[in-house]
Amino acid sequence: MLILLLISGNAYGQDYSQLTSGLGFSIIPEIIYVSSANVQLYPYSTDYFEKNFTEDIDGSYGYGITLRKKVFSHDLSFGISLEFLKITDDALTQTFSNDSITVRARVTEELSVMPLEFTGYFNLPNFTENLNIFLGGGIGYYFGDRKRTVLNIQSTTISKKPGVSLIILSGMEYFFTKEFSGIFEIKFRQAEYSVRSSFPDSQIKINGNYYQIDRELNSKIFVDGLKLSLGISYNF
């Protein structure tokens, strides 16, 4: 933080007289895309290979809102953001064995994620009057749930534990007027949380045969794919 303040004080600043007004606040509704996520299926196993076994989940879209406030100078601001993500992947499979019979069953993973993040932003100097390029970083708290469905059997959540992650980001802001601007942002993070859940039974019936299934699910979820967002900022 001290380094950012020193840079902002000594760097050549832009002429913001036509770009800023009011109290220095910005409200930014945004559309979000997250490229991927993964589920660590046995994070508390004593077996090294089993502990590191993960299931990759396709990315998905979501939405969010950010509140920013300029402080000390026009180049430095802080923000708080809240997002809502729903990630569903129904192209997964799980293998079951019973004596000499082995079958593969369709699996659907549903992840519900709510990131709450606190971020600092610093505008890089020497760009055009109506275009800002910025860097940033901060910390996030991640709340979420996981539902796993094997054929027609769905897990039930017992408990959830939020996680914490550091954030690095970059982006650009283009001013249409002093009140409205468009913002594109790229964010890197390892959003993590834990979910304990269970199936209603320890067996599953497939084609008339019964197979054993792990009834207790104690998993860690990582929404660690690249995050892209596009928003419209109202500045006041």
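Here the structure is a predicted model, which is why all the values come from computation and not from measurement.

Analysis parameters
Residues numbered from 1 in each chain as written. Predicted model: local features only at pLDDT ≥ 70, side-chain atom pairs only at ≥ 80, totals over all residues. Heavy atoms only, no water. Core = buried A, V, L, I, M, F, W, Y, C linked by side-chain atoms within 4.5 Å. Buried < 20%, exposed > 50% of the residue type's maximum accessible area, 1.4 Å probe, protein only. Helix = DSSP H or I, 4+ residues; strand = E, 2+ residues; numbered from the N terminus. Contact = heavy atoms within 4.5 Å. pLDDT = per-residue confidence, 0-100. Salt bridge = Lys/Arg side-chain N within 4 Å of Asp/Glu carboxyl O. Phe/Tyr/Trp six-rings, centres within 6.5 Å; stacked < 30°, edge-to-face > 60°. Lys NZ or Arg CZ within 6 Å of the ring centre and 35° of its normal.

Colleague: What's the story with the nonpolar core in this structure? I'm lost.
Modeller: Inside soluble globular proteins, nonpolar side chains tend to come together where they are buried. With 35 residues, the main nonpolar core has Phe-96, Leu-111, Val-150, Ile-204 and Val-223 as its most contacted residues. Those elements that provide at least two residues to this core are β1 (25-40), β3 (76-98), β4 (101-124), β5 (131-150), β7 (156-175), β9 (191-198), β10 (203-206) and β12 (216-223). Among the elements that take part in this core, β4 stands out by supplying 6 residues, more than any other. With residues up to four places along the chain from it excluded, the contact list for Ile-204 reads Phe-96, Val-150, Leu-151, Ile-153, Asn-209, Tyr-210, Tyr-211 and Ile-213.

Colleague: What am I meant to see in the confidence of the model for the protein here?
Modeller: Detailed reading of predicted coordinates is not advised where the pLDDT is low. Per-residue confidence for the protein averages 88 on the pLDDT scale, and 90% of its residues sit at or above 70. This stretch, residues 1-19, has a pLDDT under 50; its non-local contacts, to residues over four places away or in other chains, come to 31 contacts.

Colleague: What's the story with the environment of Val-223 in this structure? I'm lost.
Modeller: Examined against the element boundaries, Val-223 turns out to sit in strand β12. It is 9.2 Å that separates the C-alpha atoms of Val-223 and Leu-111, two residues lying 112 residues apart in sequence. When near neighbours in sequence (up to four residues on either side) are disregarded, Val-223 contacts Val-34, Ser-36, Ala-37, Leu-85, Ile-87, Val-113, Arg-189, Ala-191 and Tyr-193.

Colleague: Sorry if this is basic, but what is going on with the pattern of salt bridges here?
Modeller: Pairing is possible between side chains of opposite charge, provided their charged atoms come close. By the definition in use, this model includes 12 salt bridges. Notably, a salt bridge pairs Arg-148 with Glu-109, separated by 2.5 Å at the nearest N-O pair. Here Arg-148, found in strand β5, pairs with Glu-109, found in strand β4; they are 39 residues apart in sequence, far enough to count as distant. Taking relative accessible area as the criterion, Glu-109 reaches 0% and is therefore assigned buried. Between Glu-185 and Lys-187 there is a salt bridge, with its nearest N and O atoms 3.8 Å apart. Residue Lys-187 is classed as buried on the basis of its relative accessible area, which comes to 2%. Within this structure, Glu-30, Arg-68, Glu-83, Glu-117, Glu-185, Lys-187, Arg-189 and Lys-227 form a network of salt bridges that share partners.

Colleague: Help me understand the packing of aromatic side chains, please; the structure alone is not making it clear to me.
Modeller: Ring pairs (aromatic) are described by centroid distance and by the angle formed between their planes. Enumeration according to the criterion identifies 10 aromatic pairs in this entry. The interplanar angle of 15° and the centroid separation of 5.7 Å between the aromatic rings of Phe-25 and Phe-236 together place this pair among those described as stacked. Of the two residues, Phe-25 sits in strand β1 while Phe-236 sits in the segment after β13 (227-235), which places them 211 residues apart along the sequence. According to the relative accessible area criterion, Phe-25 is partly exposed, its value standing at 27%. Overall, the relative accessible area of 29% leaves Phe-236 in the partly exposed class. The interplanar angle of 20° and the centroid separation of 5.6 Å between the aromatic rings of Tyr-234 and Phe-236 together place this pair among those described as stacked. Exposure remark for Tyr-234: the relative accessible area of 39% places this residue in the partly exposed category. By the ring-pair criterion, three or more aromatic residues cluster together here, those being Phe-25, Phe-180, Tyr-234 and Phe-236. Lying across the ring of Tyr-121, Arg-68 places its NZ or CZ 3.8 Å from the centre. Here the basic side chain of Arg-68 rests over the ring of Phe-134, its NZ or CZ set 5.1 Å away from the ring centre.

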